[in-house]
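Coordinate inspection notes
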Amino acid sequence: MLDTWHCQTQTDKWRVGEEAMREKLLFISAENPFPQDSGGKLRTGNILNILLAKYDVDLLTYSGSKDTEAIPSLTVHEVKRTMNYRRAMLRSLYKWRNCSYMSHVDVDMKEKITELCGQHAYSHVFISHSLLGCCIDIVRRSLPGTVIITDAHNFESGLSAQLARRKRGIAKLFYSLNAVWTRRDELKLMDKTNLLLTTSEQDGLSFKALSFKNSFKVQVIPNFIRMGDYRTNTLFPKEPWIILPGNMNYFPNINAATYFYRQIYPLIKAKVPGIKWYIVGRDVHPEVAALADKDPSIIITGYVDSVADYIRKAQVVIAPLQEGSGTRLKILEAWALKTPVVSSTKGAEGLLYEHSANIMIADDPVTFAESVTQLLQDHEKGVVLADRAYQTLLANYEAESVREKLLSLV
């Protein structure tokens, strides 16, 4: 993948002019985008790739990446992570801050941010997640006039509220408070950042509703992919598989998997007895891992080097999400790989779609099961659906379709 990155970066340099003066940008991310093995990393890495066309970038991130190959115009600065999820949850109680470890990266990153900002007069600082808003004050103390861009990824206070609704007792109280703290921090973020990027119009409207005076700062940069990363000369025959890809420690994915197992999968198995269901993603939660113990037709891979290889082989990608925010890169990857998708309305939220034209939408178990079964049994319908989805992707969610807007904003 990095060979493709290198070639694209060199082409991008030529486009902006080799003689042009390149400013320096600090890019702060809690996740090193290499390897690009999750939706968040895909978005972070793809945006970073475009920014390298215009800036020399210092990437500040946590250590632990497997990928160490040098990339032109990019210098990586790593810090060790001490702030784990348990410490973050405890610290949130006296800091009144979101309980994700990303909301507490100031513990590990403050010294390095101050050092880098003291060494370089960055014209722009890019903060790769709204939960990293605590970094803004650190940057401002050293560089009060720099332009700060924040990429929201999700509307986190809405996600926290969704999680709280599923909890009981003390846990419900804790996550309800977490939603309040997150909303307060999003309000502060709207005040302090110069530009706020969201992945969908829905998330954009949610942020604008928080602060009318700052609504002009909100711009939508949809999730997107680089088609060069998905092309291959290898032919992958389709298998009688359905696949649920994603980070399996993320609560909307956990709940989607257990919901599908309880209410939808038995209906599909009754019609297609030889079916296999692959759950492909890192950080598998115990509730998800237990599904394979209950049913031998369920295969849980855990982390894999290439989720794309599994999607290519599958006959159907499923996105039975009941919660969530932003847009699902797993659907865009399926579209890029010409594998048909069955999704809930929430799963397809924020994407340009038409039911039964480029995706199948189903919000109740029976309809969802019927849609999956139809695609398993009617190969031609799946091909037509996937071809139309591929054209939607090229027109709206491929890197070239968003490059100009992103570079005009940042």
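Residues numbered from 1 in each chain as written. Predicted model: local features only at pLDDT ≥ 70, side-chain atom pairs only at ≥ 80, totals over all residues. Heavy atoms only, no water.

Looking at an unreviewed UniProt entry, one finds the protein chain named Glycosyltransferase and attributed to Paenibacillus phytohabitans.

Here's the deal with the packing of aromatic side chains
Note the cut-off: When two rings of Phe, Tyr or Trp (its six-membered ring) have centres within 6.5 Å they constitute a pair, described as stacked for plane angles under 30 degrees, edge-to-face for angles over 60, and tilted for the intermediate range. Going along the chain from the N terminus, every DSSP run of H or I of four or more residues is numbered as a helix, and every run of E of two or more is numbered as a strand. When a residue's accessible area, from a 1.4 Å probe over protein chains only, is under 20% of the maximum for its type it is buried; when over 50% it is exposed; and in between it is partly exposed. We call a charge positioned above a ring when the Lys NZ or Arg CZ atom is no farther than 6 Å from the ring centre and deviates by at most 35 degrees from the ring normal.
Following the criterion strictly, the structure yields 14 aromatic pairs and no others. Note on Trp-241 and Tyr-278: the rings are 4.1 Å apart at their centroids and 35° apart in plane angle, and the pair reads as tilted. Of this pair, Trp-241 sits in strand S8 (residues 241-245) while Tyr-278 sits in strand S9 (residues 276-280), and the two are 37 residues apart along the sequence. Here the two residues Trp-241 and Tyr-278 agree in accessibility, since each one is buried. Relative to Tyr-397, the ring of Trp-335 lies with its centre 6.5 Å away and its plane at 55°, an arrangement referred to as tilted. With a gap of 62 residues between them, Trp-335 in helix H12 (residues 329-336) and Tyr-397 in the loop between helix H14 (379-396) and helix H15 (399-409) connect regions that are remote in the sequence. Feature note: the residues Phe-260, Tyr-265, Trp-277 and Phe-368 constitute an aromatic cluster, connected by ring pairs. Directly above the aromatic system of Tyr-62 lies the positively charged group of Arg-81, at a separation of 4.6 Å from the ring centroid. One cation-aromatic arrangement involves Lys-338 over Tyr-390; the distance from NZ or CZ to the ring centre is 4.6 Å.

Brief notes about the packing of helix H7 (residues 169-192) against helix H8 (residues 201-210)
What counts is decided by this rule: For helices, the axis comes from a line fit to the C-alpha atoms of the stretch in contact; other axes are also lines fit to C-alpha atoms, and the angle between any two N-to-C directions lies between 0 and 180 degrees. Here the word oblique covers every angle except those under 35 degrees (roughly parallel), over 145 (roughly antiparallel) and from 65 to 115 (roughly perpendicular). Residue contacts follow a heavy-atom distance rule, with two residues in contact if any of their heavy atoms lie within 4.5 Å. Three classes are used: nonpolar for Ala, Val, Leu, Ile, Met, Phe, Trp, Tyr, Cys and Pro, charged for Asp, Glu, Lys and Arg, and polar for all others, with Gly counted as polar.
Remark: H7 packs on H8, axes separated minimally by 9 Å, with the N-to-C direction vectors making an angle of 85°. With respect to H8, the axis of H7 lies roughly perpendicular. Across the interface between the two elements, Arg-183, Glu-186, Leu-187 and Met-190 from H7 touch Phe-207, Lys-208 and Leu-210 from H8. Residue composition of the contact of H7 with H8, grouped by class: four nonpolar, no polar and three charged.

A look at the state of the cysteines
Rules: In this description, a disulfide is simply a cysteine sulfur pair whose atoms lie within 2.5 Å.
Evaluated as defined, the whole model comprises zero disulfides. In this structure Cys-99 is not part of a disulfide, and its nearest cysteine sulfur, from Cys-134, lies 14 Å away. In this structure Cys-99 comes out as buried when scored by relative accessible area, which is 12%. Take Cys-135: it sits in no disulfide, and the sulfur closest to it among the cysteines is that of Cys-134, at 4.4 Å. Residue classification places Cys-135 among the buried positions, given a relative accessible area of 0%.

Remarks on the sheet that holds strand S2 (residues 55-62)
How we decide: DSSP calls a pair of strands paired once it identifies at least 2 bridges connecting them.
Ordered by their spatial adjacency, seven strands build an open sheet running S3-S2-S1-S4-S5-S6-S7, and the pairing between neighbours is parallel. Each end of this open sheet is capped by a strand with a single partner; those strands are strand S3 (74-79) and strand S7 (218-220). The mean angle between the axes of side-by-side strands here comes to 20°, regardless of whether they run parallel or antiparallel. Bridge analysis of strand S6 (residues 195-198) against S7 gives three bridges, and the strand direction is parallel. Its bridge partner being in S7, Leu-196 is matched across the sheet by Val-218.

Quick notes on helix H2 (residues 39-51)
What counts, and what does not: A helix's residues, less one, multiplied by 1.5 Å, set its expected span.
With 13 residues, H2 extends 19 Å between its outermost C-alpha atoms, agreeing within 8% with the 18 Å of an ideal straight helix rising 1.5 Å per residue. Here H2 lies mainly inside the structure; 11 of its 13 residues are buried. Along H2, the positions that sit buried rather than exposed are Lys-41, Leu-42, Arg-43, Thr-44, Gly-45, Asn-46, Ile-47, Leu-48, Asn-49, Ile-50 and Leu-51.

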